[in-house]
Amino acid sequence: MKNTNLLFYRSGYKAKVDWGRGKVVVVPPRQVDDDGQGIWFLPPRERPLRGLSSRFANLRNTKKKGFKADFESFVAEFGLLGILGLPGNAYKSPMYGESWEEEINWWLHYASEVYRLLRLYRIIRKARNNKDYDAEGALEEILVFKQAYKISYTGKLQDNSQYIWTEHKEETPFVDAVWTENETETGQCFPETTPPIEAASYVLISIVSRNLAGGIILGKGKVVPSKKSPMGYSIVEQRYTNYLLAAIYNDLWELIRDDQPVNVCGYSGCTNIFVPQRKTGEYCSDACRVASNRKRKAQAQKNNGQ
Ligand SMILES: [Zn+2]
């Protein structure tokens, strides 16, 4: 597995969940050392762990057992997402920025989007590797394509010099890609002849790259003298971010770029998505492996008893 090419600078603030107010809030003071003369040493930059996007995505399900504990431990480990609100529509990038508190709803909004994107990626990858796989059937659970209409108005002048407007809805040769879960727009539209899997790949890549916009800074990494380069130096590119949400989308971007597999947990009581550590990894956690074995044994005993 390739290493991530992202450096994450944390704010130095810890955060916690305030369930009563429905917010994730900063916990002062700033976790920094100073040199005795008021100059702060910020925490060292770090390379986020692979699998950050799937861990975040699994926070989406508020009904899941252990939801609160999982949410709290993620917040305690990583701090705030680094957003100032939710964008007004599906065509906009996240509102990256630093604040003192974030609504839990914003977290759930992005966790469920990252989850849907990971599911899409898994379907697209599986469709390519397995010809017998019913990719279009699986796709419908995540993404649907709806007829796009052209809406226009004509006005008719009345005797009182006011207009009466009539709406006209015309079918177009295009379809809108819409999330199945909540029927919200993805912001992507296609000619109706586009094969669904092809359209799904496009939706995936455009949303991930749009959500990196404004969150990632591209800079220079190592600079070494080189005779081959016209500048006399070879420069390694380095990505930086101050925002956890951008690090999450970057993780997703790198998963796709490196063609890493993602799995859905094999335990029937769990729908978590995860990056398998070994090729055989079937469960998202040891807890799910144990729960699944227990269930299988209980089932076997029941069958023997009959
Ligand atoms: Zn699981």
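Residues numbered from 1 in each chain as written. Predicted model: local features only at pLDDT ≥ 70, side-chain atom pairs only at ≥ 80, totals over all residues. Heavy atoms only, no water.

Chemist: Give me the sheet that holds strand S1 (residues 6-8): which residues, what numbers.
Modeler: Taking strand neighbours across the sheet as the criterion, the 3 strands line up as S1-S11-S10 in an open arrangement whose pairing is mixed. The sheet is open, and its two borders are formed by S1 and strand S10 (217-225), each paired with just one other strand. Taking each pair of neighbouring strands and ignoring which way they run, the sheet shows an average axis angle of 35°. Relative to strand S11 (residues 233-241), S1 runs parallel, the two sharing 3 bridges. Note on S11: the bridge partner recorded for Leu 6 is Arg 239. (Pairing = 2+ DSSP bridges. Helix = DSSP H or I, 4+ residues; strand = E, 2+ residues; numbered from the N terminus. Axes fitted to C-alpha atoms, helices over the stretch in contact; angles between N-to-C directions.)

Chemist: Residue-level account of the nonpolar core, with values.
Modeler: Formed by 63 residues in total, the largest nonpolar core has its most connected members in Phe 56, Phe 71 and Trp 107. Take this core: its biggest share by element is 15 residues, from helix H3 (residues 104-129). Looking at which domains feed residues into this core, each of domain 1 (6-260) and domain 2 (261-306) gives three or more. The contacts of Phe 71, once residues within four sequence positions are left out, are Val 17, Trp 19, Val 24, Leu 59, Ile 104, Trp 107 and Leu 108. Counting 5 residues, the second largest nonpolar core, distinct from the first, contains Cys 265, Cys 270, Tyr 283 and Cys 288. (Core = buried A, V, L, I, M, F, W, Y, C linked by side-chain atoms within 4.5 Å. Buried < 20%, exposed > 50% of the residue type's maximum accessible area, 1.4 Å probe, protein only. Domains from an automatic or database assignment. Contact = heavy atoms within 4.5 Å.)

Chemist: I'd like a description of a nonpolar patch on the surface, backed by residues and values.
Modeler: A cluster of nonpolar side chains, contributed by Tyr 149, Ile 151, Tyr 153, Leu 157, Tyr 163 and Trp 165, occupies part of the molecular surface with about 710 Å² of accessible area. The element contributing the most residues to the nonpolar patch is strand S7 (residues 143-157), with 4 residues. Mapped onto the elements, Ile 151 comes out in strand S7. (Patch = residues over 30% accessible without salt bridge, like charges linked within 9 Å, V, L, I, M, F, W, Y side chains within 5 Å. Areas by Shrake-Rupley, 256 points an atom, 1.4 Å probe, with all protein chains shown as cover. Salt bridge = Lys/Arg side-chain N within 4 Å of Asp/Glu carboxyl O.)

Chemist: An account of the packing of aromatic side chains is needed here, citing residue identities and associated values.
Modeler: Per the counting criterion, the structure on display carries 15 aromatic pairs. An angle of 20° between the planes, with centres 5.2 Å apart, marks the rings of Tyr 96 and Tyr 243 as stacked. With Tyr 96 in the loop between helix H2 (67-78) and strand S6 (101-103) and Tyr 243 in the loop between S11 and helix H6 (244-257), the pair connects residues that are 147 residues apart, well separated along the chain. Note on Tyr 96: relative accessible area 12%, which makes it buried. Of the residues examined, Tyr 243 reaches a relative accessible area of 16% and is grouped as buried. Here the aromatic cluster, defined as three or more aromatic residues joined through ring pairs, consists of Trp 19, Phe 56, Phe 67, Phe 71, Phe 74, Phe 78 and Trp 107. Its guanidinium or amino end placed over the ring of Trp 19, Lys 68 lies 4.9 Å from that ring's centre, counting from NZ or CZ. (Phe/Tyr/Trp six-rings, centres within 6.5 Å; stacked < 30°, edge-to-face > 60°. Lys NZ or Arg CZ within 6 Å of the ring centre and 35° of its normal.)

Keep in mind these numbers describe shape, not what the thing actually does.
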